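An overview of the molecular structure
Chain by chain, the residues:
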Amino acid sequence: MPNTSNYKLNAAIANSKYTDLLPYKDGSTTNEFLQRIVDILLDFVKATNDRKEKILDFHHPEEMQNLLDLKVPEKGVTLQQLVNDCATTLKYQVKTGHPHFFNQLSCGLDLVSMAGEWLTATANTNMFTYEIAPVFILMETVVMTHMREIIGCNWKNGDSILAPGGSISNLYAFLAARHKMFPNYKEKGIATIQGQLVMFTSDQSHYSVKSCASVCGLGTDNCLMVPSDVNGRMIPSELEKLIVERKAKGHIPFFVCCTSGTTVLGSFDPINEIADICETYGLWLHVDAAWGGGLLLSKKYRHPRLSGVERAHSVTWNPHKLQGALLQCSTIHFKENGLLLSCNSMSADYLFMQDKLYDIQYDTGDKVIQCGRHNDIFKLWLQWRAKGDEGFEKHMDRLMELSEYMVKRIKEQPDKFYLIMEPEMVNVSFWYIPTRLRKMPHTSAREAELGKICPILKARMMESGTLMVGYQPDDRRPNFFRNIISSAAVKESDVDFLLAEMDRLGHNL
Ligand code: HLD
C-alpha cells in the first residue's frame, strides 16, 4: 500500500470541510474528495492481489490504539483528514482477499460483487418496501426463485428472504417450523404449547442452532446434540434414539437441523436418512447449508453431499461463503409459500399499507422480524449476471480441485504434516509437525504436543503477516489447523507457499 499521506486533495480544498460537499455546496470539491477515496480503494484492491504485500500489519489492541486517532471530535476535521483516516483504516485492515488468507469460510474479494456493493452503498435504500427499492426487490425475487429451483424442482413456488447472516437464517427456519406446528403461538404465546418442545442437531453443527433454543424459550438443554461419526456426520440411528427417548418423556420433538458443510470439518450429514426419520415422526427438516450450499451449483460435487436436500422444509445457504459474494449475503429458503408472512407479519400500517398503488406482495419487509433490511441482493445479482450458473459451477469445481491438491501435497510430506481426515469439502484439517516431533510415533501424547504448537505457530503467522490459517480443538482432539480454500485468488503455488511458510515459521517449535 502507498503511504497514507499520498492521497492529497488539491491544495485549494485541503482545508475544506464536509459543508463544502454536496448537498451543502455544488462544485468540484465533492468529485475531488470521492476520487481520492476511490484511489485509496483501488490501491487496497491492488495490494490485496499482490503476493508480495503482507496480509496484515499486526499490532496488539493497546498498541493499535496509539497508532490511530479514533476519537470523535468536538469540531469536525477537514476533508484531507478524512481522506487520511480512510487510508489509515485500510493500512491496518486484514486483507481477507489476499491469496494467502485461508482463515475464514468467507475469503476473497470478488470485484464484480464489490462493484455491486459500491452501487448499493450509493443507492442507500432500505429493502422493506417496493416503493423505495423497486429494482432491488424484483432482483431479490428473481435470484431467490432461481436459488430455490436449484435446491429442487418442487421448490419453485416456495418463499425466501435474505437475512443478516446464517445464524439469523437458521432462526427464521426455527420460527417458521414452530409456527407451522403451533399457529396460535404468535398471538397466544408460550401457553399454547402443552409440553416441552425439543429440537435436534449434530454435535458438529453451527452454534447458532443451539442459540435458537436459548433465544426462543426452549432452553439449550432442549436442543439435543446428536453424536456424529468419525467423519463429523450426524449418526441417524442416534437421532432416532434421542427422538424416541424424548417422546417417551412426553416431550414434543419438532425440528431437526441437518448440516451440509460443518464449520470445522466441512462434513455433510446424510440428508436422505435424516429426512426418512423426520417423515416417520412428523418433524420439520431444516438443512443448514450456509457453508456447503455453494456446492449445489456443481454437478460433480453436489452428489452425494447434498442428495435429498429437496426433501427439506427449509434451507440456509450463504452466497458470501463459497460463492464469494461480498459480506454479507445469506439466504433462507422455504418450500412452502406464505409461512414467513403468516409467522412474522405485524402489519405495521405506516409501512405496509394494504391499499397501495402496487401489488403489496412485493413489500417483503413484513415477512421478517427485522424492520430495516440491508440491500444484500444487488452484489449477488450482479455477480450471478457476470458468472452465470456456469461460472459459479467452474468456481466450485476449482475450489474443490485446489483442496484436493492441498491434500495431495500434505500426503507427500508426511514428516511435516499429518492429515486428520479426507475432507468432503474445502476444509482441510491437519497438524503441522515441527522437527523435534518428526520421529515420534503418532500417539495421543504426540497429538497433545502438536496441539500446543498451533497457537504459537498462528501467532508467528500473524506477526510475520505472511499467512493466516485458523485452528481450533474439537471433541475428539486438541488444537489442529483448519485450512479453507474459498477464494478465487488461490492457485496451486499459493498452496505450496502455505505449506512451505508454515514449515519456515514453525520448524523449530
Ligand atoms: O460461522 C462462521 C461464519 C463464517 C463466515 O461467514 O465467514 C464461521 C466462520 O466463518 C469461520 O470461518 O469459522
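Above this text is the structure in question.
Presented here is an overview of the structure given in this document. If you're wondering where the values come from, they're calculated on a predicted model, not measured in any experiment. Within any chain, residue numbers begin from 1 and follow the written order of that chain's sequence. In keeping with the predicted nature of the model, local features appear solely for residues at pLDDT of at least 70, side-chain atom pairs appear and are counted solely at 80 or more, and the whole-chain, interface and lining totals rest on all residues. In computing side-chain properties, one takes all heavy atoms of the structure into account and sets aside hydrogens as well as water.

1. A short note on the side chain of Asp-503
For the record, the criterion: Helix numbering and strand numbering both begin at the N terminus, where a helix is a DSSP run of H or I of at least 4 residues and a strand a DSSP run of E of at least 2. We call a residue buried when its accessible area falls under 20% of the maximum for its residue type, exposed when it is over 50%, and partly exposed in between, using a 1.4 Å probe and counting protein chains only. N or O atoms within 3.5 Å of each other form a polar contact, as long as, within protein, one can give a hydrogen and the other can take it, and as long as residues adjacent in sequence are counted only when both atoms are side-chain atoms.
Inspection of the secondary structure assignment puts Asp-503 in helix 15 (residues 492-506). On the basis of relative accessible area, Asp-503 is assigned to the buried category, the value being 15%. At 3.2 Å, the side chain of Asp-503 and the side chain of Lys-416 are in polar contact.

2. Observations regarding the side chain of Asp-110
Selection rule: We call two residues in contact when some of their heavy atoms are within 4.5 Å.
In this structure, Asp-110 sits in the loop between strand 1 (101-102) and helix 4 (111-123). Engagement of the side chain of Asp-110 in a polar contact is seen with the side chain of Gln-383, the distance being 3.1 Å. The residues contacting Asp-110, other than those within four sequence positions of it, are Gly-324, Leu-326, Gln-383 and Lys-387.

3. Description of the site of the ligand
What counts here: Here a residue is considered near a molecule or strand provided that any single heavy atom belonging to it is located within 4 Å of it. Note that accessible areas follow from Shrake-Rupley with a 1.4 Å probe, and for residues the cover is restricted to the protein chains shown. Residues are grouped as follows: Ala, Val, Leu, Ile, Met, Phe, Trp, Tyr, Cys and Pro are nonpolar; Asp, Glu, Lys and Arg are charged; all remaining types, including Gly, are polar.
Around the ligand, the neighbouring residues are Gln-104, Leu-105, Ser-106, His-206, Thr-263, His-320, Lys-321 and Arg-482. Between the ligand and His-320 there is a distance of 3.0 Å, counted from an oxygen atom to a side-chain nitrogen or oxygen. Against a free-state accessible area of 320 Å², the protein chains account for coverage of 75% of the ligand. Looking at the shell around the ligand, its residues break down into 1 nonpolar, 5 polar and 2 charged.

4. Some words on the packing of aromatic side chains
In plain terms, the rule: Here a Phe, Tyr or Trp ring, Trp counted by its six-membered ring, pairs with any other such ring whose centre lies within 6.5 Å, and the pair is stacked when the planes are under 30 degrees apart, edge-to-face when over 60, and tilted otherwise. Placement of a charge over a ring requires the Lys NZ or Arg CZ to be within 6 Å of the ring centre, with the centre-to-atom vector within 35 degrees of the ring normal.
This model, assessed by the stated rule, comprises 15 aromatic pairs. Between the aromatic rings of Tyr-130 and Tyr-358, the centroid separation amounts to 4.9 Å while the plane-to-plane angle is 50°, which identifies the pairing as tilted. With Tyr-130 in the loop between helix 4 and helix 5 (134-151) and Tyr-358 in the loop between helix 12 (339-344) and helix 13 (378-411), this pair connects stretches of sequence that are 228 residues apart. The class of Tyr-358 is buried, set by a relative accessible area of 19%. Note that Arg-178 overlies the ring of Tyr-185, its terminal NZ or CZ placed 3.6 Å from the centroid. One Lys or Arg, Arg-477, reaches over the ring of Phe-480 and ends 5.6 Å from the middle of that ring.

5. Observations regarding the sheet that holds strand 6 (residues 284-289)
The condition is simple: For two strands to be treated as a pair, DSSP must find no fewer than two bridges joining them. Under this scheme, a helix contributes an axis fitted over its contacting stretch, all axes are lines through C-alpha atoms, and angles between N-to-C directions fall in the 0 to 180 degree range.
Taken in spatial order, the 7 strands line up as 2-8-7-6-5-3-4 in an open sheet, and their pairing is mixed. Either end of the sheet is taken by a strand with one partner, and the two such strands are strand 2 (159-163) and strand 4 (223-226). Going from strand to strand, the sheet's axes swing by 20° on average, the running direction of each strand aside. In terms of strand pairing, strand 5 (residues 252-259) meets strand 6 through 5 bridges, oriented parallel. Of the residues in strand 6, the one forming a bridge with Val-256 is Leu-285.

6. Quick notes on the pattern of salt bridges
This is how it is decided: By definition, a salt bridge exists where a carboxyl oxygen of Asp or Glu is found within 4 Å of a side-chain nitrogen of Lys or Arg.
Inspection of every chain in the model, using the stated rule, returns 32 salt bridges. A salt bridge links Glu-424 to Arg-233, with the shortest nitrogen-to-oxygen separation between them at 3.1 Å. With Glu-424 in the loop between strand 9 (417-419) and strand 10 (427-432) and Arg-233 in the loop between strand 4 and helix 9 (236-248), the pair connects residues that are 191 residues apart, well separated along the chain. You can call Arg-233 partly exposed: its relative accessible area is 28%. The salt bridge partner of Glu-401 is Arg-398, with a shortest N-O separation of 2.8 Å. You can see Glu-401 and its partner Arg-398 sitting in helix 13, 3 residues apart, about one turn around the helix. Through salt bridges with shared partners, a single network forms among Lys-408, Arg-409, Glu-412 and Asp-496.

Shape is all these values report; function is a separate question.
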